Amino acid sequence: MADVRFVAIGDSFTEGVGDVLPDGRERGWADIAAQGWADAAGHPIQYANLAIRGKLAWPIVEQQLEPALALRPTHLSFNGGGNDMLRPRTDLEHIADAFSRVLRRCDEEGVTMILLSGANPSGQLPMGSLIQRRGDQLSEAVLRRVADRPDVVRALNWPDRELAQSAYWSEDRLHMNAAGHHRVAARVLHALGYEPPETWWAPSERGGAGPSGLAYYRQHVGPWVRRRVTRTSSGDGRTAKYPVWTERTPG
């Protein structure tokens, strides 16, 4: 497949939070998949990533979709709703409508949509049963909207029980670590028709256990609650890491 131009939009899941390189940069599944795509295809591809952490589903669509389409991509990936699910009284059907908007605009522009569901963190989070239920409902609502669209590339991570295990998650229990991001990247490549490196499905290097008990709430839950109270976001003031095309060449 020649002349691939792949742009990713979304929140922290797509930005790559949790997959921290030795130099402090955050990588993530989209970066990994872009490089793997070039390697598997045997030719360079163009890659951009407009995702910003903390964004709700509709702000992703309203702020990132049109700039992404203005790049004239061949493929656009979208995931959102993880931050919405953590808020009370969220209308999950309305969130699923954001996926319909992205698909409609991709159709209008002749772009192939890559649809991702986020990984399931509920097993290690407070109120995990509520998050599990809401995630199940959101996944079902989104899949109803693409049920008759076999042309949509699907990389569905929410049902993956292996990926839900704690070994794939960072210390905050909400974002995947390098192992988790590699597994998602493997699923994306597989959905595109390529065979990813076997080690991506279960990398040998996994993050250690993070803080527990009161230390966990102090380090991770407390800051999240403060942002909700002050109506701020972890993405405030941040810009996209790859707002224009970068070339990934076969390694």
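Residues numbered from 1 in each chain as written. Predicted model: local features only at pLDDT ≥ 70, side-chain atom pairs only at ≥ 80, totals over all residues. Heavy atoms only, no water.

Ile9, Leu50, Leu76, Phe78, Val102 and Met113 are the most contacted members of the largest nonpolar core, which has 36 residues in total. For this core, the leading source of residues is helix α5 (residues 92-109), giving eight residues. Not counting residues within four places of it along the chain, the set of residues in contact with valine 102 comprises Val61, Leu65, Leu76, Phe78 and Met113. Phe6, Ala30, Tyr168 and Tyr194 belong to the second largest nonpolar core, which has 33 residues in total. (Core = buried A, V, L, I, M, F, W, Y, C linked by side-chain atoms within 4.5 Å. Buried < 20%, exposed > 50% of the residue type's maximum accessible area, 1.4 Å probe, protein only. Helix = DSSP H or I, 4+ residues; strand = E, 2+ residues; numbered from the N terminus. Contact = heavy atoms within 4.5 Å.)

With numbering matched to this structure, UniProt assigns "domain: SGNH hydrolase-type esterase" (unreviewed entry) to residues 8-182. Annotation note: span residues 8-182, helix share 43%, strand share 12%, distance between end C-alpha atoms 16 Å. (UniProt positions renumbered as here; feature names shortened; annotations may be inferred.)

Moving on: helix α3 (residues 57-70). With 14 residues, α3 extends 20 Å between its outermost C-alpha atoms, agreeing within 8% with the 20 Å of an ideal straight helix rising 1.5 Å per residue. Along α3, the helix axis deviates most sharply at glutamine 64, where the bend reaches about 40°; the proline proline 67 sits within four residues downstream. In this structure, the buried side of α3 is in contact with β1 (5-9), β3 (75-78), α4 (82-85) and α5. Just past α3, the residue arginine 72 takes up positive phi, approximately 60°. (Expected span 1.5 Å × (residues − 1). Bend = angle between axes of the 7 residues up to and from the residue.)

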